[in-house]
Amino acid sequence: MAMRFLFNAGMAAALLAFSAPASAGEALVEWKDPDGYTDIRSGAQSAEGMRKSIARSLGGEFSELAALLPLGYRLTVTVTDLDLAGEVDPVPTRQMRGIRVLKDIYFPRMTFDYRLTDAGGAVLLGQSAVALKDMQYLTSSRTTRTGDPFYSERKMIRDWFNQRILPEVK
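Each chain has its residues counted from 1, running along the sequence as written. Thresholds applied to this predicted model are a pLDDT of at least 70 for local features of residues and 80 or more for the giving and counting of side-chain atom pairs; totals over whole chains, interfaces and linings are not thresholded and use all residues. Remark: hydrogens and water are excluded; side-chain values derive from all non-hydrogen atoms of the structure.

Participant: Before we go on, may I ask you to explain the pattern of salt bridges in this structure?
Facilitator: Side chains bearing opposite charge may pair, as long as their charged atoms lie close to each other. Put simply, a salt bridge is a Lys or Arg side-chain nitrogen that is within 4 Å of an Asp or Glu carboxyl oxygen. Counted according to the given criterion, the structure contains 10 salt bridges. Here Arg-109 and Asp-83 are joined by a salt bridge, their closest N and O atoms 3.7 Å apart. Taken together, the positions of Arg-109 in strand 5 (residues 109-117) and Asp-83 in strand 2 (residues 74-83) put the pair 26 residues apart, joining distant regions of the chain. Exposure categories follow from relative accessible area, calculated using a 1.4 Å probe and restricted to protein chains: below 20% of the type maximum is buried, above 50% is exposed, and the middle band is partly exposed. Here Arg-109 falls in the partly exposed class, since its relative accessible area comes to 38%. Glu-168 is paired through a salt bridge with Arg-164; the nearest N and O atoms lie 3.7 Å apart. One end of the pair, Glu-168, and the other, Arg-164, are both in helix 3 (residues 151-169), 4 residues apart, so they sit about a helical turn from each other. Elements are defined by DSSP. Helices are runs of H or I of four residues or more, strands are runs of E of two residues or more, and each kind is numbered from the N terminus.

Participant: Explanation requested: the side chain of Asp-83 in the structure shown.
Facilitator: For Asp-83, a relative accessible area of 13% gives the class buried. If we ignore the near neighbours within four places in the chain, the residues touching Asp-83 are Thr-38, Asp-39, Phe-107, Pro-108 and Arg-109. A contact between two residues is defined here by any heavy atoms of the two lying within 4.5 Å.

Participant: Can you walk me through the sheet that holds strand 1 (residues 26-31) in this structure?
Facilitator: Within a sheet, each strand pairs with its neighbour through backbone hydrogen bonds, oriented either parallel or antiparallel. At least two bridges found by DSSP between two strands is the condition for calling them paired. Strand order across the open sheet formed by 4 strands is 1-2-5-6, with mixed pairing between neighbours. Two strands close off the open sheet at either side, each with one partner strand: strand 1 and strand 6 (123-133). Across the sheet, the axes of successive neighbouring strands diverge by a mean angle of 15 degrees, strand direction being ignored. Axis definition: a line fitted to C-alpha atoms, limited for helices to the stretch in contact. Angles are taken between N-to-C directions and run from 0 to 180 degrees. In the packing of helix 2 (residues 47-66) onto the sheet, the strands contacted are strand 1, strand 2 and strand 5, and the crossing angle to strand 1 comes to about 150 degrees. Sheet contacts for helix 3: strand 2, strand 5 and strand 6; angle to strand 5, the most-contacted strand, approximately 25 degrees.

Here it is as structure tokens:
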């Protein structure tokens, strides 16, 4: 029985090793002074909980995209401002919680600095104060409804990465 387990575990490890993508870049994301961001409020979540959700979702997006880069490449991002899609409006309930209402005038925006380095540490690309915004986030033909509360911001990051970073490394 123990031998069968070891064999199965060994086979699983071998399959993972051979199925791993040739690309394996990484992302390092820093959230600089999130208390000063334009709008990261949540109607139902604490400020700390909201910051963690944003870091997990948007930081995860940068990491997923960086995994498309060649082995050893590193994308370092310092987020300096964030304005989430929509605006929190209070809802008259017992808890006086708010909900995020999406309207054309409340489009997502993000400002960050980035640096892309290769496996040897040489800087390939970089820019300060990159200002992303998606003024058409509600009317874009690519917009879909999803359970991801940060879908618009993730899409904005993905579009930037596909237009700015990928063409330079391919």
